[in-house]
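# Structural overview for review
As a plain string of letters, each chain reads:
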Amino acid sequence: MDARSFGSTGERVSVIGQGTWRIDGSLWAEAVAALRAGVDAGLTHIDTAEMYGDGEAIVGEAIAGLREEVFLVSKVVPGNATRRGVVRACEQSLRRLRTDRLDCYLLHWPGNHPLEETIAGFEDLRRDGKILSWGVSNFDVDDLEAALRIAGPYRIACNQVLYHLRERSIEHAVIPWCAANGVAMVGYSPFGSGDFPDPTSGDGRLLSRIAEAHGTTPHAVALAFLTRLDNTFTIPKTGRAARAAENATARDLALDEAEITALDAQFPRGRRPKTLPML
Ligand code: NAP
């Protein structure tokens, strides 16, 4: 699967994107090259945040000259999410990203400032053309219901939440809620932030077997599984160009029913936890 409609925005967005948390841990030039290689390979959905250190500045350099090709997402930390604070934080992100607009702007996680304030700030930004849409992150169903009550239908573009093979809690209620309400579901940390099943032993062997059958890699198999449901997106991070190209091969990978059933059994979703897991 290449691209899907991104919630209520009507935009077609690449199902596999690129994350940038800790990308500033790589050499600057390598990180820029990795993001560019990803965009070249079709990973045009780029996720960053004001709290990702030099992440936004690296993205700004990587997308110079490519802005029209990219669906650019950034996030405000809850501590800045007053009506005015949201606008200020966004303007600073735009400067670091060297652009005049974000495609989507998210509240990074639920915080203490009233959500009415945050949403009013998002709507101010939208009216001024500084963001084209807004969304949330790490919102459980009750948080989503509260946001929907304030904003009204078809305003929340996406919910970005933790989703990988060993952490499938959102399948219980968050994914169905998002699908029912026209909210795109963006899964973060698809490789468990680097804690990926060892493809040579235990539960990782299944990933290797499926990868071999398709002539691809265990990481690509994981990405295909995590985007098998309608309305879902994923944003793996890498600071290496070769891996960005490798992750992009998941765009063309269609798992069959038997493979999905086997992965589902090997990496069960478990019970619904009391609180939504987040990093
Ligand atoms: P991740 O994407 O699950 O995993 C990244 C790790 O996988 C890195 O160690 C990377 O190493 C490695 N990797 C990437 N591609 C690989 C491949 N093809 N083969 C082998 N290893 C590979 O981790 P994440 O950064 O936690 O999550 C992804 C993105 O989600 C973040 O960057 C961020 O944009 C977003 N996020 C959002 C939130 C939130 O609260 N909204 C929280 C966490 C993350 P190298 O870089 O060395 O290749």
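Structure: above.
Residues numbered from 1 in each chain as written. Predicted model: local features only at pLDDT ≥ 70, side-chain atom pairs only at ≥ 80, totals over all residues. Heavy atoms only, no water.

Let's shift gears to the pairing of strand 7 (residues 156-162). Counting buried positions along strand 7 yields seven of seven residues, so the element is predominantly enclosed. Taken together, the three bridges between strand 6 (residues 134-137) and strand 7 define a ladder with parallel strand orientation. Opposite Ser137, over in strand 7, you have Gln160 as the bridge partner. Viewed along the sheet, the connection from strand 6 through helix 5 (residues 141-151) into strand 7 turns out right-handed. Pairing of strand 7 with strand 8 (residues 184-188) involves five bridges; the strand directions are parallel. Residue Val161 lies in a different strand from strand 8, and its bridge partner there is Gly187. Between the parallel elements strand 7 and strand 8, the chain passes through helix 6 (residues 174-180) in a crossover that is right-handed. (Buried < 20%, exposed > 50% of the residue type's maximum accessible area, 1.4 Å probe, protein only. Helix = DSSP H or I, 4+ residues; strand = E, 2+ residues; numbered from the N terminus. Pairing = 2+ DSSP bridges. Right-handed = clockwise from strand over helix to strand, strands pointing away.)

Applying the stated rule across the entire model yields two cavities of 30 Å³ or more. In this structure, the largest cavity occupies an estimated 60 Å³ of space. If you trace the largest cavity, you find it lined by Asp140, Ser169, Ile170, His172, Ala173, Val174, Arg272, Pro273, Thr275, Leu276 and Pro277. Classifying every residue of the lining of the largest cavity by side-chain character gives six nonpolar, three polar and two charged. Quantified by volume, the second largest cavity comes out at close to 50 Å³. (1 Å grid on protein atoms, 1.4 Å probe; cavity = no way out; pocket = protein on both sides within 12 Å on 5 of 7 lines; lining within 4 Å. Points joined across faces, edges and corners; volume = space filled by probe spheres on them. Nonpolar A, V, L, I, M, F, W, Y, C, P; charged D, E, K, R; others polar.)

Attention now moves to unusual backbone geometry. With a phi angle near 65°, Arg22 is a residue other than glycine that sits in the positive phi range. In this structure, Arg22 sits in the loop between strand 2 (12-14) and helix 1 (28-40). Judged by its relative accessible area of 47%, Arg22 is partly exposed. Although it is not a glycine, Ser189 sits at a positive phi angle of roughly 55°. Following the sequence through the fold, Ser189 ends up in the loop between strand 8 and helix 7 (204-214). The buried category is assigned to Ser189, whose relative accessible area is 12%.

The next subject is a positive patch on the surface. The grouping of Arg22, Lys237, Arg240 and Arg243 at the surface amounts to a positive patch. Among the residues examined, Lys237 registers a relative accessible area of 35% and is labelled partly exposed. (Patch = residues over 30% accessible without salt bridge, like charges linked within 9 Å, V, L, I, M, F, W, Y side chains within 5 Å. Areas by Shrake-Rupley, 256 points an atom, 1.4 Å probe, with all protein chains shown as cover. Salt bridge = Lys/Arg side-chain N within 4 Å of Asp/Glu carboxyl O. Lys, Arg positive; Asp, Glu negative; His and termini not counted. Charge placed at Lys NZ, Arg CZ, Asp CG, Glu CD.)

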